[in-house]
There are 2 protein chains.
Amino acid sequence: MGTSLRSMASIDGEALAANDDYRSAVIDLLGVLAYGELMAFERLAADAALAPTIEDEAQLAAMAAAEFRHFSRLRDRLVEIGVDPAEAMQPFRAPLARFHEMTAPSDWLEGLVKAYVGDGIGIDFYREIATYLDPRTRDLVLEVCEDLGQSAFVVDRVRAAIAADPRVEGRLALWARRLVGEALSQAQHVAAEREALTALLVGDVGDEGTGMDLTAIATMLSRLTDEHSRRMQALGLAS
Amino acid sequence: MGTSLRSMASIDGEALAANDDYRSAVIDLLGVLAYGELMAFERLAADAALAPTIEDEAQLAAMAAAEFRHFSRLRDRLVEIGVDPAEAMQPFRAPLARFHEMTAPSDWLEGLVKAYVGDGIGIDFYREIATYLDPRTRDLVLEVCEDLGQSAFVVDRVRAAIAADPRVEGRLALWARRLVGEALSQAQHVAAEREALTALLVGDVGDEGTGMDLTAIATMLSRLTDEHSRRMQALGLAS
């Protein structure tokens, strides 16, 4: 295989059928996104119970319900390309469960920040990877992306909480850093174990055996980090 | 007011506008159903995380997602009749939260039985009350009803668990009794505090001040209990 998975995907819509590495990578990608949405659904729905008011509770529940729609769309796509969705998701069950175990919010504000950070990084990541996908998978990923961004209400709530008690800022800033740290830590485990997926995301192992496209991954991480910092500022938190 | 709320509702579709007692009762009814669905959504979604397999997890999550649709429809109806949904739900927040606090499943099987019992009693109760509602509210309640009944998969899972370990039966039968006991206990609190709602559900206080239609409520409770016993049998549990 001499062509990079990325260029194959962007040039050739039939890559999914023609190329085993690309197919493995897309199955992994759909699997991790689907299971990520399923767990986000479960956890956001549970976190809604922490809300001080019924309005807030309903709003976080609505975000959770959107995650279930995304899960369904991603699962359907796996079925469409002839894959057992549960099998595709299985490798990501433990790392995603571990992430949520390590980041169970202890109160409503922590739950809000987690929803906002997750929603934001989700959108950014979905957009980043869309470029490297065959058109049908790309359309699906972008469709899910458009349905995200329901977390704008969080900004008001967090800013009001900080205005009412400035000590909240330090605690939530620390919390947001922990969320990102745990996410990166689990992402590293996944990357180490899922070669095809990693190859798709960071560029491909080419003919020369030069390994990962480190420039591309560094640029992507830097974009994701910038966007995360921008969101932390919107919340009134130091990043 | 000499006519019973029930006959008024069944005869007159305009009862909602014309009769204050009926209007209060319907607001309470939509409020308790809406908040019940919202909390069921949160708890079922969280309970999905207890599933042994991803297939089971996705199936319970799908039931939870359906509860959110019901919540949205009931909330929209409250808005339609000019009521603040959060205000209508507020009186039922504490008793419903208390019910779920007292019945947090300690494992997957308890979560399954809770979902099945709740889904079943939900359908029965929705059908019971539909008769006494004005046509538009009735259509909505029946629509929600049709979307319930997603819990058939539970029967297989519980029967398989009992076959694998017969001791499970006694534990789950006890658990189901506790669920019903806690539900009745919270229902009694609600009934005592929400007069208009109670009047709608159990018949009306007529001219003679004879109080509740005790025959009707006894018959309804006996029907609900029969259906519950039938479901326990389906699960292989003594009721």
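Quick look at the structure, then. This structure is a prediction, so every number in the text was calculated from the model and none was measured.

### Observations regarding the overall build of chain A
Helix and strand counts for chain A stand at 12 helices and 0 strands. What you see in chain A, going N to C, is helices and strands ordered as α-α-α-α-α-α-α-α-α-α-α-α. The proportion of buried residues among the 239 residues of chain A is 51%. Intrachain contacts of chain A at a sequence separation of at least 6 include 79% that bridge at least 24 residues. A total accessible area of about 10,600 Å² is found for chain A, and carbon and sulfur atoms account for 55% of it.

### Observations concerning the relation of the copies chain A and chain B
Superposition record for chain A on chain B: RMSD 0.0 Å, screw rotation 180°, translation along axis 0.0 Å. One copy is carried onto the other by what is essentially a two-fold rotation axis. Measuring from the rotation axis to each C-alpha of chain A, the shortest distance belongs to Ala46(A), at 2.7 Å. Residue by residue, 100% of the interface of chain A is reproduced at the interface of chain B, so both copies engage with the same surface.

### With respect to the packing of aromatic side chains
Within the structure shown, the criterion is met by 5 aromatic pairs over all chains. Judged by centre distance (5.2 Å) and plane angle (55°), the ring pair of Phe41(A) and Phe68(A) falls under tilted. Of this pair, Phe41(A) sits in helix H3 (residues 20-48) while Phe68(A) sits in helix H4 (residues 54-80), and the two are 27 residues apart along the sequence. Phe68(A) matches Phe41(A) in its accessibility class, with the two residues each being buried. Between Phe68(B) and Phe71(B), the ring centres sit 5.5 Å apart and the planes meet at 50°, which makes this aromatic pair tilted. In this pair, Phe68(B) and Phe71(B) both sit in helix H4 (residues 54-80), 3 residues apart, roughly one turn of the helix. Phe68(B) gets classed as buried once you look at its relative accessible area, which sits at 9%. Residue class for Phe71(B) comes out buried when judged on its relative accessible area of 0%. Following the ring pairs from residue to residue traces out a cluster consisting of Phe41(A), Phe68(A), Phe71(A), Phe41(B), Phe68(B) and Phe71(B).

### Points about empty space enclosed by the protein
All names here are of chain A. Counting across every chain of the model gives 1 cavity of 30 Å³ or more. Counted as a void, the largest cavity has a volume near 30 Å³. What lines the largest cavity is Met63, Ala66, Glu67, His70, Asp119, Asp147, Leu148 and Gln150. By residue number, the principal contributor to the lining of the largest cavity is H4, which donates 4 residues. Partitioning the lining of the largest cavity into residue classes produces 3 nonpolar, 2 polar and 3 charged.

### Remarks on the interface of chain A and chain B
The interface is formed by 27 residues belonging to chain A together with 27 residues belonging to chain B. Summing both sides of the interface, chain A and chain B together bury roughly 2,000 Å²; the carbon and sulfur share of this comes to 67%. Three residues, Glu42(A), Ile54(A) and Arg93(A), lead the burial of chain A against chain B; their summed loss comes to 30% of the area buried on that side. Linking chain A with chain B are 2 salt bridges. In this structure, Glu57(B) engages Arg93(A) in a salt bridge whose closest nitrogen and oxygen atoms are separated by 2.9 Å. Viewed at the interface, chain B and chain A are joined by 8 residue pairs in polar contact (both at pLDDT 80 or more).

### Some details on H4(B)
Relative to the 39 Å expected for 27 residues at 1.5 Å per residue, H4(B) spans 39 Å between its end C-alpha atoms, a close match to the ideal helical length. Phi turns positive, to about 80°, at Gly82(B), one or two residues after H4(B).

### Looking at the nonpolar core
Ranked by size, the top nonpolar core spans 148 residues in total, and within it Phe41(A), Val113(A), Leu235(A), Leu33(B), Phe41(B), Val113(B) and Leu235(B) carry the most contacts. If we ignore the near neighbours within four places in the chain, the residues touching Leu235(A) are Val113(A), Tyr116(A), Val154(A), Val155(A), Val158(A), Arg159(A) and Ile162(A).

### Re the packing of helix H7 (residues 108-130) of chain A against helix H9 (residues 152-164) of chain A
All names here are of chain A. Following both chains from N to C, one finds H7 and H9 inclined at 140°, their axes separated by 10 Å at the closest point. Accordingly, the angle class assigned to the pair H7 and H9 is oblique. Where H7 crosses over H9, the two elements pack in a sense that is left-handed. Along the contact surface, H7 presents Leu109, Leu112, Val113 and Tyr116, while H9 presents Phe153, Val154, Val155, Arg157, Val158 and Ala161.

### Describing the packing of helix H6 (residues 93-102) of chain A against helix H10 (residues 167-193) of chain A
Residue and element names in this part refer to chain A. Interaxial distance between H6 and H10 falls to 10 Å at its minimum, and their mutual angle equals 165°. On the basis of the axis angle, H6 is roughly antiparallel to H10. Between H6 and H10 lies a crossing whose hand is right-handed. Between H6, through Pro95, Arg98, Phe99 and Met102, and H10, the contact on the second element is made entirely by Arg178, Leu179, Glu182, Ala183, Gln186 and Val190. Residues of the contact of H6 with H10, tallied by class, amount to 6 nonpolar, 1 polar and 3 charged.

### Regarding the environment of Asp28(B)
All names here are of chain B. In this fold, Asp28 is placed in helix H3 (residues 20-48). For Asp28, a relative accessible area of 6% translates into the label buried. Distance from Asp28 to Gly82, taken between C-alpha atoms, is 13 Å for residues 54 residues apart in sequence. For Asp28, the residues in contact, after removing those within four places along its chain, are Phe92, Arg194 and Leu197. Of the polar contacts made by the side chain of Asp28, one reaches the side chain of Arg194; its length is 2.9 Å.

Quick notes on the rules
- Residues numbered from 1 in each chain as written.
- Chains lettered and ligands numbered in written order.
- Predicted model: local features only at pLDDT ≥ 70, side-chain atom pairs only at ≥ 80, totals over all residues.
- Heavy atoms only, no water.
- Helix = DSSP H or I, 4+ residues; strand = E, 2+ residues; numbered from the N terminus.
- Buried < 20%, exposed > 50% of the residue type's maximum accessible area, 1.4 Å probe, protein only.
- Contact = heavy atoms within 4.5 Å.
- Areas by Shrake-Rupley, 256 points an atom, 1.4 Å probe, with all protein chains shown as cover.
- Least-squares fit on C-alpha atoms with pLDDT ≥ 70 in both.
- Phe/Tyr/Trp six-rings, centres within 6.5 Å; stacked < 30°, edge-to-face > 60°.
- 1 Å grid on protein atoms, 1.4 Å probe; cavity = no way out; pocket = protein on both sides within 12 Å on 5 of 7 lines; lining within 4 Å.
- Points joined across faces, edges and corners; volume = space filled by probe spheres on them.
- Nonpolar A, V, L, I, M, F, W, Y, C, P; charged D, E, K, R; others polar.
- Buried area = accessible area lost by both parts, 1.4 Å probe.
- Salt bridge = Lys/Arg side-chain N within 4 Å of Asp/Glu carboxyl O.
- Polar contact = N/O pair within 3.5 Å; in protein donor to acceptor, adjacent residues only side chain to side chain.
- Expected span 1.5 Å × (residues − 1).
- Core = buried A, V, L, I, M, F, W, Y, C linked by side-chain atoms within 4.5 Å.
- Axes fitted to C-alpha atoms, helices over the stretch in contact; angles between N-to-C directions.
- Parallel < 35°, antiparallel > 145°, perpendicular 65-115°, else oblique.
- Left-handed = near helix turned anticlockwise from the far one by under 90°.

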